[in-house]
Amino acid sequence: MDHLYSQKYNAFIRGVSLLTIAVGLLVIVGWIFNIGFLVSISPKFTSMKFNNALCFVFLGIALYILGTGQGKMAKTTWFTISILAAIFIAIAALTEIYLHFDIDFGLDELLVKDEAIPVWGQAYAKRMAPATAIFILVVGCGFWALKSGNKRINLIGQYSLHVITLLSFLAVLGYTYN
């Protein structure tokens, strides 16, 4: 019974990871080819930034790798997940430093120039929102905690990912129902 549950759980994880990758890639395509409806749910909402979409792709890949794992994973698998987590932690950390200390690393428009005109009330029109950066930081740290040999740290990593999942779901509900 546990094996069947594990297979269904891993299939669900892989599905969610593929959806995450697809959303990230669609937003990246939207930025590259200047297709507005791919970068924003609605014109009245702030667009998903290119860096955020890139983090979604890396996060989805790491999650997919986790979803294909059976039992103990090889060191190379954890190394790959760690590298991906380090990339999105770095992007999010540099964004937070920029937001709080006004040190511009040029990361926000390194690959794609954001030509959007800031709309009144959208404080972070040309960069990732602080809450998004914090979520990405927590997810990256959660992935690192999962590879820990310590059960408590592993459990903290699992719970942090569950909290981020719940908060992300609430954000989607907020967008859906205004």
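Provided above is the structure to which this section pertains.
What you see is a predicted model; the values in this text were computed from it and never measured.

Quick notes on the rules
Residues numbered from 1 in each chain as written. Predicted model: local features only at pLDDT ≥ 70, side-chain atom pairs only at ≥ 80, totals over all residues. Heavy atoms only, no water. Helix = DSSP H or I, 4+ residues; strand = E, 2+ residues; numbered from the N terminus. Buried < 20%, exposed > 50% of the residue type's maximum accessible area, 1.4 Å probe, protein only. Contact = heavy atoms within 4.5 Å. Areas by Shrake-Rupley, 256 points an atom, 1.4 Å probe, with all protein chains shown as cover. Phe/Tyr/Trp six-rings, centres within 6.5 Å; stacked < 30°, edge-to-face > 60°. Expected span 1.5 Å × (residues − 1). Polar contact = N/O pair within 3.5 Å; in protein donor to acceptor, adjacent residues only side chain to side chain. Axes fitted to C-alpha atoms, helices over the stretch in contact; angles between N-to-C directions. Parallel < 35°, antiparallel > 145°, perpendicular 65-115°, else oblique. Left-handed = near helix turned anticlockwise from the far one by under 90°. Nonpolar A, V, L, I, M, F, W, Y, C, P; charged D, E, K, R; others polar.

**What to know about the overall build of the chain**
Looking only at helices and strands, the chain features 6 helices and 0 strands. Each helix and strand of the chain, placed in order from N terminus to C terminus, yields the pattern α-α-α-α-α-α. Put simply, the chain has 178 residues, and 37% of those count as buried. Intrachain contacts of the chain at a sequence separation of at least 6 include 64% that bridge at least 24 residues. Working note: accessible area of the chain is about 11400 Å², and carbon and sulfur atoms make up 70% of it.

**Some thoughts on the packing of aromatic side chains**
Tallied over the full model, the rule gives 1 aromatic pair. Residues F88 and F143 carry aromatic rings whose centres are separated by 6.1 Å and whose planes lie at 70° to one another, so their mutual orientation is edge-to-face. Taken together, the residues span a long stretch of sequence, with F88 in helix α4 (residues 75-101) and F143 in helix α5 (residues 130-146) at a distance of 55 residues. What makes F88 buried here is its relative accessible area of 1%. By relative accessible area, F143 is classed as buried at 2%.

**Here we look at helix α6 (residues 151-177)**
Taking 1.5 Å of rise per residue, 27 residues should cover 39 Å, and α6 covers 39 Å from first to last C-alpha, within 8% of that figure. Looking at α6, one finds that the buried residues are N154, G157, S160, L161 and I164. Tucked into the core, α6 has its buried residues touching α5. Its side-chain oxygen 2.8 Å from the backbone nitrogen of R152, N150 forms the N-cap of α6.

**Describing the environment of I89**
Its location among the elements puts I89 in helix α4. Look at I89 and you get buried, because its relative accessible area is 12%. In sequence terms I89 and V138 are 49 residues apart; their C-alpha atoms lie 8.2 Å from each other. Beyond its immediate chain neighbours, meaning those up to four positions away, I89 contacts L137, G140, C141 and W144.

**Regarding the environment of A22**
Note on placement: A22 falls in helix α1 (residues 2-32). Classification of A22 by relative accessible area gives partly exposed; the value is 34%. Through-space distance from the C-alpha of A22 to that of G60 is 8.7 Å; in sequence the pair is 38 residues apart.

**Looking at the packing of helix α3 (residues 50-68) against α4**
Direction vectors running N to C along α3 and α4 enclose 160°, while the axes themselves pass 9 Å from each other. In terms of axis orientation, α3 runs roughly antiparallel to α4. Seen from above, α3 lies across α4 with left-handed handedness. Between α3 and α4, the contacting residues are N51, L54, C55, F58, L59, I61, A62, I65 and L66 on the first element and T77, W78, T80, I81, L84, I87, F88 and I91 on the second. Along the lines of polarity and charge, the residues of the contact of α3 with α4 split into 14 nonpolar, 3 polar and no charged.

**Topic: the environment of Y98**
Considering the arrangement of structural elements, one finds Y98 in helix α4. Between the alpha carbons of Y98 and P130 there is a distance of 9.9 Å; along the sequence they are 32 residues apart.

The values are spatial; any link to function lies outside them.
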